[in-house]
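In case you want the letters, here they are:
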Amino acid sequence: MKRIYAFLLSLLFCFAALHLQADPETKNVLLLSGKKTHGYGHHECNSDISVLENLLQRQSKARFDTQLFLDGAWPEPSQLEEADAIVIICDGDANHLLKDRMDEFDALQERNSDLGLLFVHYATVPFGRKEPDFKGTYFNKWIGGFYAGDSKSKTLTKYSHIEGKLAAHPVNRGVEPYRIFDEIYYRMEFVKDIVPVVVAEPLDEVPTFHNLIEQKRFEKDHSLVASFESERERTIFWSYERAGGGRSLGTTLGHIHRNFWTNEDIRKQMVNSVAWISGLDVPEEGFDALELTEEQLNLNHSAPKAK
């Protein structure tokens, strides 16, 4: 009888151990979006951040406790203190979410040195960048760089057809090189320690055009991207491990909502990104890209203007 009892007890411990192994650590992720400023389908910050939340909540290999803040809403101090990661998708310049919170946000990272950060598209463009004495100190410290855009000869913003060249980075696990048409910021102002995640390459084959304007735009953009002398100039997605220990990512992709989120490899890359900045290990196959229904793709999306 004692042997049977001992055997049953050992089974109980085994099941408990398996349960603990199968129960992933929960990461607290704050998802912040700015107010709508651009036309329908462009800079859909509320929808972008809502789609990302939907993908995170449906993951099977990781558990994310997400909190969504739309239209420029700001978290409570306790929510900021308890966060493992913060994702910001907003306009930059005078509409940047951090415009009046630079010192506050910097102090948060001093207190929570492991806090993960992900800035998407226009969120990489700080307020004050056009001032003659602007140094980008905070953005360099937080995400390893920023978009300056102070002259056409120095920085270029174009609608571009590109192929993403992927670096060997945890964020790219399970991700295949992808093609996308998007507004992309090039020639970022980087600190020396950033690591390229995606480098834009001009397409070798000419896409199908719907009109002459599209063709001329492609020819101009193709020539410009091909003229950049280094991969650093064409780096459009990068990682930066901060001095205090936190992980940061920035990407200049994400202007056109549908082009961005209907790309399966980008979806996987974005989930990988949130997991990585949260301190999780990204599996070799990456996290789940998952499919999006039209309803999920259009979560908190703006309405088209009536004709």
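Further up the page is the structure itself.
In this report, we go over the structure that sits alongside the text. The structure presented is a predicted model; accordingly, all values stated were derived computationally and were not measured. (Residues numbered from 1 in each chain as written. Predicted model: local features only at pLDDT ≥ 70, side-chain atom pairs only at ≥ 80, totals over all residues. Heavy atoms only, no water.)

1. Here we look at the overall build of the protein chain
Here's step 1: For the protein chain, the helix and strand inventory stands at nine helices and eleven strands.
Here's step 2: Against the globule reference of 19 Å for 307 residues, the protein chain gives a C-alpha radius of gyration of 21 Å, in line with a compact fold.
Here's step 3: C-alpha extents for the protein chain along the principal axes are approximately 85 × 45 × 45 Å.
Here's step 4: Pairs at least 24 apart in sequence give 77% of the contacts found in the protein chain among residues at least 6 apart.
Here's step 5: Counting only carbon and sulfur atoms, one obtains 52% of the accessible surface of the protein chain, whose full area is about 15,400 Å². (Helix = DSSP H or I, 4+ residues; strand = E, 2+ residues; numbered from the N terminus. Rg over C-alpha atoms; globule rule 2.2 N^0.38 Å. Contact = heavy atoms within 4.5 Å. Areas by Shrake-Rupley, 256 points an atom, 1.4 Å probe, with all protein chains shown as cover.)

2. A word on empty space enclosed by the protein
Here's step 1: Under the defined criterion, the tally for this structure stands at one cavity of 30 Å³ or more.
Here's step 2: Computed from the structure, the largest cavity encloses a volume of approximately 40 Å³.
Here's step 3: Taken together, the residues of the lining of the largest cavity sort by class into five nonpolar, three polar and one charged. (1 Å grid on protein atoms, 1.4 Å probe; cavity = no way out; pocket = protein on both sides within 12 Å on 5 of 7 lines; lining within 4 Å. Points joined across faces, edges and corners; volume = space filled by probe spheres on them. Nonpolar A, V, L, I, M, F, W, Y, C, P; charged D, E, K, R; others polar.)

3. Focus: the side chain of T252
Here's step 1: Structurally, the position occupied by T252 is in the loop between strand 11 (247–251) and helix 7 (257–261).
Here's step 2: When residues no more than four places from it in sequence are discounted, the contact partners of T252 are H121, T124, E183, I184, Y185, M188, I236 and W238.

4. Looking at the nonpolar core
Here's step 1: Ranked by internal contacts, the top residues of the largest apolar core, which has 46 residues, are V87 and W261.
Here's step 2: A total of seven residues in this core trace back to one element, the largest contributor, which is helix 8 (residues 264–277).
Here's step 3: Filtering out sequence-adjacent residues up to four positions away, W261 remains in contact with D48, V51, L52, L55, R267, M270, L292 and L297. (Core = buried A, V, L, I, M, F, W, Y, C linked by side-chain atoms within 4.5 Å. Buried < 20%, exposed > 50% of the residue type's maximum accessible area, 1.4 Å probe, protein only.)

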